[in-house]
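Descriptive analysis of the structure
The primary structure of each chain is shown beneath.
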Amino acid sequence: MSTSTHDASPETTSSANETTRPSAFVTTHWSVVVSAREKDSPSNREAFETLCRTYWYPLYAFVRRQGRSPHDAQDLTQEFFARLLEKDYLQAADPKRGKFRSFLLTAFKHFLAKEHDRANAEKRGGGRHILPLDFQAGEHRYHLEPADQATADTIYERRWALTLLEQALTQLRMEFTGAGKQQLFEKLKGTLTGDGSAEPYAQIAIELAMSEQAVKVAVHRLRQRYKELLRAEIAQTVATTEEIDDELRDLFSAVRSQKSQNRK
């Protein structure tokens, strides 16, 4: 999904949004990582699955860019997350040592180095599937990657960024659908994604029987909520508010890099 770095970065001041906000945004710094590594925590499994949903495809794309076959990449990605869960590797994650996504990529590189000579997929994965990861869809996504000379590390950064944007957009869609305003979301989402699908405000107003000013207000609220949901996604794997802003800058830098490469 192409995401506009301009439209996806609305003003940081937030106004009440009675349409899409079922609860207030609560900063939960590092919470997902903490829950995922505490096996006695009641939210352990859910937290681990959250990390998997965010990072499995960036890691899969990383190993595919290194020249591994689809089957090999699928097996290695599954096994890596199985090791994280079973061997308590997440205990080494520390916000004082850097970003979680950097920790995870470094751990994955170490894992791949150790697995280099273990060519038998059954030995590596043992047929285990700890999560229903959609590798078929992942491989399709990988073939849509631009045919550039980007390094595996760069691909990882880009996929991390776009995955977070997509997750925030999915959450936003669910909120609008739950409020019975899916049509409004579908008409306005082009103002976020920058994919050329956005209609002029005047046209949207006619189609939805709204005033043009009401459409502008709705777009403003949509962007504000999108930004809040994106910050909430990031907050789960950082330790401070300042780091959220740092991650946002890195995220949009990665997206701009992708857009620049796509235009070549």
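Please refer to the structure higher up on the page.
For the structure given in this document, a descriptive report is provided here. (Residues numbered from 1 in each chain as written. Predicted model: local features only at pLDDT ≥ 70, side-chain atom pairs only at ≥ 80, totals over all residues. Heavy atoms only, no water.)

Considerations on the overall build of the protein chain
- Helices and strands together make up the secondary structure of the protein chain, namely 12 helices and zero strands.
- What you see in the protein chain, going N to C, is helices and strands ordered as α-α-α-α-α-α-α-α-α-α-α-α.
- Taking all 264 residues of the protein chain together, the buried fraction comes to 47%.
- Put simply, 75% of the contacts in the protein chain that link residues at least 6 apart link residues at least 24 apart.
- Roughly 13,200 Å² of accessible area belongs to the protein chain as shown, and the carbon and sulfur atoms make up 50% of that amount. (Helix = DSSP H or I, 4+ residues; strand = E, 2+ residues; numbered from the N terminus. Buried < 20%, exposed > 50% of the residue type's maximum accessible area, 1.4 Å probe, protein only. Contact = heavy atoms within 4.5 Å. Areas by Shrake-Rupley, 256 points an atom, 1.4 Å probe, with all protein chains shown as cover.)

Here's the deal with unusual backbone geometry
- Look at Asp88: it is not a glycine, yet its phi comes out positive at around 60°.
- Here Asp88 lies in the loop between α3 (70–86) and α4 (100–115).
- Positioned with a positive phi, Ala209 is a non-glycine residue whose angle comes to about 55°.
- Checked against the element boundaries, Ala209 lands in the loop between α10 (201–208) and α11 (212–235).
- Judged by relative accessible area, Ala209 falls into the exposed class, the value being 74%.

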